[in-house]
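Listed here are the chains, written in short residue letters.
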Amino acid sequence: MAGTIVATDTPAAGGRKPPGRAGWLLLAPLLAWLACFVVAPTAILFAYSFCQRDELGFVVWEFSWENYARIADPVYLKIFGRSLWYAGLTTVLCLLIGYPVAYYIARAPASRRPTLLMLLMIPFWISFLLRTYAWISLLKADGLVSATLEMLHLIPEPLEILYKPAAVLIGLVYTYLPFMILPIYTSAEKIENSLIEASMNLGAGPWRTLAHVILPLTKPGIFAGVLLVFVPSIGMFAVNDLMGGGKVDMIGNVIQNQFGQARDWPFGAALGITFLALFVISFWFLHDRGEVKRT
Amino acid sequence: METMVELRGVTKRFGAFTAVDSVDLQIRQGEFMTFLGPSGCGKTTLLRLISGFETATAGRVLIGGRDVTDVPPYKRDVNQVFQSYAIFPHLNVADNVAFGLRMRNVPAAERAKRVGEALELVSLQGLEKRRPHELSGGQRQRVALARAIVCRPQVLLLDEPLSALDAKLRHSMQFELKNLQRQLGITFIFVTHDQEEALIMSDRIAVINKGRIEQLGDATQIYHAPATAFTADFIGEANLLKSQVVYRNGILARVRLTEGVELAVKKETLQDSTSQALLSVRPEKIYITKTKPAKENAFKGTIEEEVFRGAMDELRIRIGGTPAANGSHTGLSLMAMVPNESSHERSWHKGDTVYCTIHTDDIVVVEQKA
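What you see is a predicted model; the values in this text were computed from it and never measured.

Check the secondary structure of chain B and you find eight helices and 20 strands. Along the longest, intermediate and shortest principal axes, the C-alpha atoms of chain B span 80 × 50 × 40 Å. Burial analysis of chain B (370 residues in total) assigns 52% to the buried set. Long-range pairs, those at least 24 residues apart, make up 66% of the contacts in chain B with a sequence separation of at least 6. For chain B, the computed accessible surface area is about 16500 Å², with 47% contributed by carbon and sulfur atoms. Between the centroid of the 47 positive side chains of chain B and the centroid of its 44 negative side chains there is a distance of 4 Å.

Quick look at the structure:
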């Protein structure tokens with residue numbers, strides 16, 4: 001009896017086939033858009049990065065490695081390092097704050113989830129700059145946060161965090177938190193309740209269930225969230241500019257400066273290309289580890 | 001025999017809805033107990049109260065003599081086979097089965113040995129490294145079973161584990177489960193809405209309806225001596241016949257079913273004050289003949305419908321009453337099951353006049369009132 005198991009369903013065969021003619025036709029607008037606005041600008045940037053500038057800041061078409069050599073300057077390496085450090089810190093904080101929120105929303109009754117997700121999306125309806133200025137007025141020495149804490153006698157003197165690294169970090173975490181929450185929510189929402197019950201039934205308490213079932217099953221969401229927060233926060237310049245008061249420069253500020261005041265497009269391009277290369281490498285690195293096979 | 005699971009006045013309410021209504025039940029060590037009932041009757045809630053996924057609103061739950069009413073699920077010595085199997089998708093077969101042992105900190109060497117034994121018990125050797133999505137439904141079911149028994153629990157809970165399998169596989173699994181239970185000697189509590197499954201596997205069946213145990217007994221008792229109309233109707237098929245007591249004498253009483261149809265029943269099955277009774281007669285206990293038998297409780301009738309059901313023929317027979325002008329019929333319709341005797345032609349045809357005989361032994365009084 002035991003040897004003759006009848007297969008009631010066949011395991012899903014995951015195969016992809018290339019798009020047909022109609023498929024290419026439907027893809028055409030996207031491919032054209034990518035070619036014009038992603039491939040072409042990147043190619044121009046790549047070409048610029050090997051050029052030089054004259055005294056007035058115009059691009060001189062003369063091949064040189066000099067721009068890349070300049071990046072190795074300790075000044076820029078330090079800024080690169082600081083960018084990675086802040087981005088890393090932002091990612092960790094977003095993960096620590098975002099994971100419980102995402103999990104809570106995913107496990108909330110299905111009828112309440114749309115409302116909770118909506119609350120998460122509402123800030124996107126307001127301009128990013130406006131929201132950043134709102135934070136400035138909240139965090140400044142005579143701002144709402146400081147005044148409240150003082151009134152409650154929790155701090156002896158006005159809070160001095162604006163234009164300090166802490167303010168930049170708050171701004172970065174605030175900006176990127178939803179990008180951590182949404183992918184984790186998506187993978188947490190798929191976890192069937194019976195899997196959590198099975199884990200408990202097999203003797204795992206809440207923490208071991210988290211470690212052995214919930215975290216492994218939300219791994220794809222965690223990796224996507226880490227990628228969506230870490231990569232753009234390396235290159236962020238607006239938050240550091242406004243909330244760091246120009247004292248907490250990151251690589252984004254340097255690049256922006258090359259194309260602005262410094263008028264050194266070739267060097268800016270070289271920084272941009274280096275940054276892009278780091279981006280692509282880290283994506284590959286994370287992506288290969290983020291794959292989890294699901295039923 | 002020793003009591004393994006005991007429910008004392010257990011009640012579970014969800015808001016205003018009472019899912020389980022003061023249930024008292026003792027399940028013996030090594031017993032195959034089935035909770036049988038329609039969907040929404042509370043059988044799954046009852047199981048979840050034992051596994052600890054629900055907490056009783058009132059009453060106590062005891063497992064192995066220990067009060068576990070307020071003990072969380074991960075500290076109870078019970079394991080469950082889930083309806084959806086709940087196989088961890090991120091672990092292979094061996095790791096799925098080993099999960100409970102890891103959580104109990106069983107050393108790696110012993111873990112490997114016990115996983116091997118459990119997989120052998122469910123005939124899954126060689127599939128250790130398979131991922132859940134590479135398994136068929138029947139194989140997943142076996143993984144779920146192995147994962148639950150590898151922990152050697154005091155009680156194994158099975159929540160409709162066979163409902164997703166096709167009929168043939170389900171039937172062979174029923175026998176396998178029963179064998180496994182005998183082999184392991186573990187108390188099995190099995191939840192199903194499939195009465196045939198319950199009759200095949202169980203030592204005892206608790207028929208559950210509206211959060212209460214309607215009847216508790218072994219398969220024969222439940223089938224042949226249903227205590228209530230619900231049980232008679234839910235288990236197998238039954239002719240439920242309303243009747244009025246018309247006469248009592250000696251050991252027999254006569255009841256009137258309909259115009260011109262009177263039935264003799266055993267007097268001891270009726271209370272003295274009873275004037276109305278609801279009777280249950282199984283369709284296969286109605287004997288059909290073409291000629292009038294010289295017996296009591298034989299009624300002349302007409303075949304209204306004849307349905308071929310493989311091993312049996314299902315007949316609907318109208319007895320008593322008179323045909324009305326509009327084509328409808330008064331009287332009573334009986335359902336009978338007769339074995340299919342000839343392989344070439346049907347023995348019974350619509351419109352045939354036949355005689356139905358019912359033995360007094362086969363009449364069960366399921367309700368009565370004065």
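Structure shown, so let's carry the discussion forward.
The next thing to look at is the overall build of chain A. If you tally the helices and strands in chain A, you get 13 helices and two strands. What you see for chain A is a C-alpha radius of gyration of 24 Å, clearly larger than the 19 Å of a compact globule of 295 residues, by over 25%. Taken along the three principal axes of its C-alpha coordinates, chain A extends 85 × 65 × 35 Å. Expressed as a percentage of the 295 residues in chain A, the buried residues total 38%. In chain A, once contacts between residues fewer than 6 apart in sequence are set aside, the share between residues at least 24 apart is 65%. With an accessible surface of roughly 17100 Å², chain A has 71% of that area assigned to carbon and sulfur atoms. For chain A, the distance from the average position of its 21 positive side-chain charges to the average position of its 18 negative side-chain charges is 10 Å.

All right, on to the sheet that holds strand E13 (residues 261-266) of chain B then. All names here are of chain B. The strand order E13-E12-E11-E14-E20 describes an open sheet built from five strands, whose pairing is antiparallel. Lying at the two open borders of the sheet, with one neighbouring strand each, are E13 and strand E20 (364-369). Each strand axis lies, on average, 40° off the axis of its neighbour in the sheet, ignoring direction. Pairing between strand E11 (residues 239-249) and strand E12 (residues 252-258): five bridges, direction antiparallel. Across the sheet, residue Arg-248 finds its bridge partner in E12, namely Ala-253.

Below, the discussion takes up the domain arrangement of chain B. Residue and element names in this part refer to chain B. Split by domain assignment, chain B resolves into domain 1 (3-234) and domain 2 (239-369). For domain 1 and domain 2, the distance between their C-alpha centroids amounts to 40 Å. In this assembly, ten residues from domain 1 lie in contact with nine residues from domain 2. Both sides together, the interface formed by domain 1 and domain 2 hides about 710 Å², and carbon and sulfur atoms give 53% of it. At the junction of domain 1 and domain 2, the tally comes to zero salt bridges. Here domain 1 and domain 2 share three residue pairs in polar contact (both at pLDDT 80 or more) between them. Elements that contribute at least two residues to the side of domain 1 that touches domain 2 include exactly helix H7 (219-224) and helix H8 (229-234). Here the side of domain 1 that touches domain 2 is built from residues that sort into seven nonpolar, two polar and one charged.

With that settled, consider the interface of chain A and chain B. With 30 residues of chain A in contact, the opposing surface of chain B contributes 39 residues. Carbon and sulfur atoms supply 65% of the area buried between chain A and chain B, which totals about 3100 Å² over both sides. On inspection of chain A and its partner chain B, the count reaches one salt bridge. Close ionic contact of B:Arg48 with A:Glu197 constitutes a salt bridge, the shortest N to O distance being 2.7 Å. Where chain A packs against chain B, one counts eight residue pairs in polar contact (both at pLDDT 80 or more). Contributions of two or more residues to the side of chain A that touches chain B are made by helix H8 (193-201) and helix H9 (206-217) of chain A. Looking at the side of chain A that touches chain B, the element that brings in the most residues is H8(A), giving seven residues. In terms of residue class, the side of chain A that touches chain B is made up of 16 nonpolar, eight polar and six charged.

Here the focus is the pattern of salt bridges. All names here are of chain B. In the structure shown here, the tally under the stated rule is 22 salt bridges over all chains. Where Glu-31 meets Arg-28, a salt bridge forms, and the shortest distance between an N and an O atom there is 3.6 Å. Beyond isolated ion pairs, a larger network of salt bridges with shared partners links Glu-237, Arg-309, Glu-314 and Arg-316.

Now for the sheet that holds strand E6 (residues 78-81) of chain B. All names here are of chain B. With mixed pairing, the six strands of this open sheet are ordered in space as E6-E7-E8-E3-E9-E10. Pairing within the sheet leaves two strands with one partner each, and these edge strands are E6 and strand E10 (212-217). Taken over all neighbouring pairs, the strand axes of this sheet differ in orientation by 20° on average, direction set aside. Strand direction decides the pairing type here: strand E9 (residues 204-209) and E10, joined by five bridges, are antiparallel. Looking across to E10, one finds that Ile-205 is bridged to Gly-217. Across the sheet, helix H4 (residues 137-149) is in contact with E6 and strand E7 (155-159); its angle to E6 comes to roughly 180°.

Looking now at the confidence of the model for chain B. With 98% of its residues at a pLDDT of 70 or more, chain B has an overall mean of 91. Across the predicted assembly, pTM comes out at 0.82 and ipTM at 0.85.

Position of A:Asn201 among the secondary structure elements: in helix H8. If sequence neighbours within four positions are ignored, A:Asn201 has contacts with B:Ser51, B:Phe53, B:Val78, B:Asn79, B:Gln80, B:Phe82 and B:Arg104.

So, on to unusual backbone geometry. Backbone geometry places A:Arg263, a non-glycine residue, at a positive phi of 50°. As for its placement among the helices and strands, A:Arg263 is situated in the loop between helix H12 (251-259) and helix H13 (265-290). A positive phi angle, near 50°, is found at B:Ala86, a position not held by glycine. If you trace the backbone, B:Ala86 turns up in the loop between E6 and helix H2 (93-103). By relative accessible area, B:Ala86 is classed as buried at 4%.

Below, the discussion takes up the packing of aromatic side chains. According to the stated counting rule, one finds 18 aromatic pairs over all chains in the structure shown. Ring centres 5.8 Å apart and planes at 40° place the aromatic pair B:Phe32 and B:Phe190 in the tilted group. Of this pair, B:Phe32 sits in strand E3 (residues 32-36) while B:Phe190 sits in strand E8 (residues 187-192); the two residues are 158 residues apart in sequence, bridging distant segments of the chain. Both residues of the pair, B:Phe32 and B:Phe190, count as buried. An aromatic cluster of at least three residues, connected via ring pairs, comprises A:Phe46, A:Phe50, A:Phe63, A:Trp65 and A:Tyr68. Directly above the aromatic system of A:Phe267 lies the positively charged group of A:Arg70, at a separation of 3.9 Å from the ring centroid.

The rules behind these values
- Residues numbered from 1 in each chain as written.
- Chains lettered and ligands numbered in written order.
- Predicted model: local features only at pLDDT ≥ 70, side-chain atom pairs only at ≥ 80, totals over all residues.
- Heavy atoms only, no water.
- Helix = DSSP H or I, 4+ residues; strand = E, 2+ residues; numbered from the N terminus.
- Buried < 20%, exposed > 50% of the residue type's maximum accessible area, 1.4 Å probe, protein only.
- Contact = heavy atoms within 4.5 Å.
- Areas by Shrake-Rupley, 256 points an atom, 1.4 Å probe, with all protein chains shown as cover.
- Lys, Arg positive; Asp, Glu negative; His and termini not counted.
- Charge placed at Lys NZ, Arg CZ, Asp CG, Glu CD.
- Rg over C-alpha atoms; globule rule 2.2 N^0.38 Å.
- Pairing = 2+ DSSP bridges.
- Axes fitted to C-alpha atoms, helices over the stretch in contact; angles between N-to-C directions.
- Domains from an automatic or database assignment.
- Buried area = accessible area lost by both parts, 1.4 Å probe.
- Salt bridge = Lys/Arg side-chain N within 4 Å of Asp/Glu carboxyl O.
- Polar contact = N/O pair within 3.5 Å; in protein donor to acceptor, adjacent residues only side chain to side chain.
- Nonpolar A, V, L, I, M, F, W, Y, C, P; charged D, E, K, R; others polar.
- pLDDT = per-residue confidence, 0-100.
- Phe/Tyr/Trp six-rings, centres within 6.5 Å; stacked < 30°, edge-to-face > 60°.
- Lys NZ or Arg CZ within 6 Å of the ring centre and 35° of its normal.

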